[in-house]
Amino acid sequence: MTDFLVIVALAALGAALAGLLAAPAVRALRRRSVALSLFAVAALAVAAMAAGTVAVAQAMFLSGHDLGVVMAVVAVSGVVSLAAALLFGRRIAAGSRELARSARTVGSEGGFVAPAEPPTAELAALSKALEETSGRLAEARERERALDASRRELIAGISHDLRTPLAGLRAMAEALEDGVAEDTARYHARMRIEVDRLAAMVDDLFELSRIQAGALALTLSRVSVYDLVDEALAGAGPLARASGVRLVDGGVVPLPVRVDAQQMTRVLGNLLVNAIRATPADGTVAVSARHAEGRVVLAVEDGCGGIPPEDLPRVFDTGWRGGAARTPRADGKGGAGLGLAIVRGIVEAHEGRATVRNAGAGCRFEVELPAAEAQAGPPTA
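Described in the following lines is the structure provided in the data block. (Residues numbered from 1 in each chain as written. Predicted model: local features only at pLDDT ≥ 70, side-chain atom pairs only at ≥ 80, totals over all residues. Heavy atoms only, no water.)

### A short note on the side chain of Asp260
Defined as follows: Helix numbers and strand numbers start at the N terminus; a helix is a DSSP run of H or I with at least 4 residues, a strand a run of E with at least 2. Think of it in three bands: residues with accessible area under 20% of the maximum for their type are buried, residues over 50% are exposed, and the middle band is partly exposed, with areas taken using a 1.4 Å probe on protein chains only. The convention is simple: Lys and Arg are positive, Asp and Glu are negative, and His and the chain ends are not counted. What makes a salt bridge here is a side-chain nitrogen of Lys or Arg within 4 Å of a carboxyl oxygen of Asp or Glu, nothing more. When checking whether two residues touch, look at their non-hydrogen atoms; a contact exists if any pair is within 4.5 Å.
Positionally, Asp260 belongs in the loop between strand S3 (256-259) and helix H7 (261-278). Although Asp260 is buried, it forms no salt bridge, and the closest oppositely charged side chain is Arg210 at an N-O distance of 8.1 Å. Beyond its immediate sequence surroundings of up to four residues, Asp260 is in contact with Ala217, Leu218, Thr219, Leu220 and His350.

Dropping the structure here:
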């Protein structure tokens, strides 16, 4: 047992001595090619094995022939090990260079193309991560393009909508200033309409900026959708009567929801105003509320004649407006294409969803909201 421990100690001493001598070389190659690093590690292992073997052989007083055999075996084993390490290191280095070339395509128009067969599991995992990153970058680029297009369209629309009332205000102000206005009261009333229209556009822009910045503060309370619909109908009633459109009850159930009542009334008001303007005279706009799979669904259905299928996905985009809505109305109530974008922003802030689809003779806008938790007592109706 003692002889065995001595042999182990001698082998360890020889291997340690070889390792200490080779350590500077391994350290110098740590930032070089992976092929050289693997070769250096393999050379260190071979040198340590050879040193330990020689130390043990000398301690065992082997004959010259036996020592030569041992050294030949060590040499052959070392050469094979070094050759294998060199080949494998070069394969890994080639795979790394190929992956580096592919990585330069991340974020490009063509997208990332992963190498066919990465030589190691780590390189395969890195290749997959780069592919996923490239996909996310492509999606972000498409979103950015869509936002840029929407922003340009919004700026163009707002510029047009601002130019019209400002030109009218200037003309009316000059007429009043020059004393050529025969009916000054009518001029003043028209100027008030134009100012109100400009103020409404500014308010919508401010509200949309708060929504997009995530700064919309909600004051949640448990209310009945019946109260929300009733208040929204009261606000939209005068416009409906002036437009010759009838507001009808499509079946409103007094379901409880936990929402910001002011903001949700604005949602319903925007939907009703949008529906009234799109519905021809003598048409109807129906409002309904129902319970569906743990959610409350508010719906506004108009008689606009439908929206082209290709435009349906863009209805809630900032700045989108239907053909007729692009021309400001004579009553000064023309929109700037912000109302439906505000609807979506407010509904999503309530963890809900706003959708639209063609139905019957027009469109059906639906707002899905989480139902309020059951509480003692019936909801207020």
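From this point, the discussion proceeds with the structure in view.
### Things to note about the nonpolar core
The cut-off we apply is this: Nonpolar core, defined: a set of buried Ala, Val, Leu, Ile, Met, Phe, Trp, Tyr and Cys residues in which side-chain atoms within 4.5 Å join the residues together.
Formed by 48 residues in total, the largest nonpolar core has its most connected members in Val267, Leu271, Leu298, Val315, Phe316 and Phe365. In this structure, Leu271 is in contact with Val300, Leu340, Val343, Phe365 and Val367, ignoring residues within four places of it in sequence.

### Observations concerning the sheet that holds strand S4 (residues 284-292)
Keep this limit in mind: In this analysis, strands are considered paired if DSSP registers two or more bridges between them. Think of each axis as a best-fit line through the C-alpha atoms, taken over the contacting stretch in the case of a helix, with angles from 0 to 180 degrees between the N-to-C directions.
Strand order across the open sheet formed by five strands is S2-S4-S5-S7-S6, with mixed pairing between neighbours. Either end of the sheet is taken by a strand with one partner, and the two such strands are strand S2 (246-252) and strand S6 (353-359). If you compare each strand with its neighbour and ignore which way they point, the axes differ by 20° on average. Helix H6 (residues 225-243) contacts S2, S4 and strand S5 (295-301) of the sheet and is inclined by roughly 170° relative to S2. Across the sheet, H7 is in contact with S2, S4, S5 and strand S7 (362-370); its angle to S7 comes to roughly 175°.

### Regarding the packing of H7 against helix H8 (residues 339-349)
To keep it simple, the criterion reads: Small angles under 35 degrees read as roughly parallel and large ones over 145 as roughly antiparallel, with 65 to 115 read as roughly perpendicular and the rest as oblique. Should the near helix be turned anticlockwise from the far one by less than a right angle, the crossing is termed left-handed; should it be turned clockwise, right-handed.
Close contact between H7 and H8 brings their axes to 9 Å; oriented N to C, the two are set at 150°. When the interaxial angle is binned, H7 and H8 end up roughly antiparallel. The element H7 and its partner H8 pack so that their crossing is left-handed. Along its contact with H7, which presents Gln263, Met264, Arg266, Val267, Asn270, Leu271 and Asn274, the element H8 presents Gly339, Leu340, Ile342, Val343, Ile346 and Val347.

### A short note on the layout of surface pockets
For clarity, the threshold we go by: Here a cavity is any set of points on a 1 Å grid over the protein atoms alone where a 1.4 Å probe fits but cannot get out, and a pocket is any open set with protein on both sides within 12 Å along at least 5 of 7 lines; a residue lines the site when it has an atom within 4 Å of a point. Grid points are joined across faces, edges and corners, and a volume is the space filled by probe spheres set on the points. Note on residue categories: nonpolar means Ala, Val, Leu, Ile, Met, Phe, Trp, Tyr, Cys or Pro, charged means Asp, Glu, Lys or Arg, and polar means any other residue, Gly included.
Taken as a whole, the second largest pocket encloses approximately 430 Å³ of empty space. In this structure, the second largest pocket is lined by 17 residues; those nearest its centre are Leu147, Ser150, Gln212, Thr318 and Arg344. Elements with a contribution of two residues or more to the lining of the second largest pocket: helix H4 (121-178), helix H5 (184-212) and H8. For the lining of the second largest pocket, the element with the highest residue contribution is H4, accounting for six residues. Of the residues assigned to the lining of the second largest pocket, the class counts are seven nonpolar, five polar and five charged.

### Side note on the environment of Ala138
As for its position among the elements, Ala138 is in helix H4. Ala138 sits in the partly exposed class, given a relative accessible area of 28%. Put simply, Ala138 and Phe112 are 26 residues apart on the chain and 9.8 Å apart in space, counted from C-alpha to C-alpha.

### A short note on the packing of aromatic side chains
Put simply, the test is: The pairing test for Phe, Tyr and Trp rings, Trp by its six-membered ring, is centres within 6.5 Å, and the orientation test on the planes gives stacked under 30 degrees, edge-to-face over 60, and tilted for anything in between.
All chains considered together, the criterion is met by one aromatic pair. With a centroid separation of 6.0 Å and an interplanar angle of 85°, the aromatic rings of Phe316 and Phe365 are classed as edge-to-face. With Phe316 in the loop between S5 and H8 and Phe365 in strand S7, this pair connects stretches of sequence that are 49 residues apart. Among the residues examined, Phe316 registers a relative accessible area of 7% and is labelled buried. For Phe365, a relative accessible area of 3% corresponds to the buried category.

### Focus: the pattern of salt bridges
In this structure the tally under the stated criterion is 13 salt bridges. Of the charged contacts in the structure, one is a salt bridge between Arg266 and Glu207, with a shortest N-O distance of 3.6 Å. Of this pair, Arg266 sits in helix H7 while Glu207 is found in helix H5, placing the two residues 59 residues apart along the sequence. Take Glu207: its relative accessible area is 5%, and that puts it in the buried class. For Arg364, the salt bridge goes to Glu366, with nearest N and O atoms at 2.7 Å. Neither Arg364 nor Glu366 differs from the other in exposure class; each is buried.

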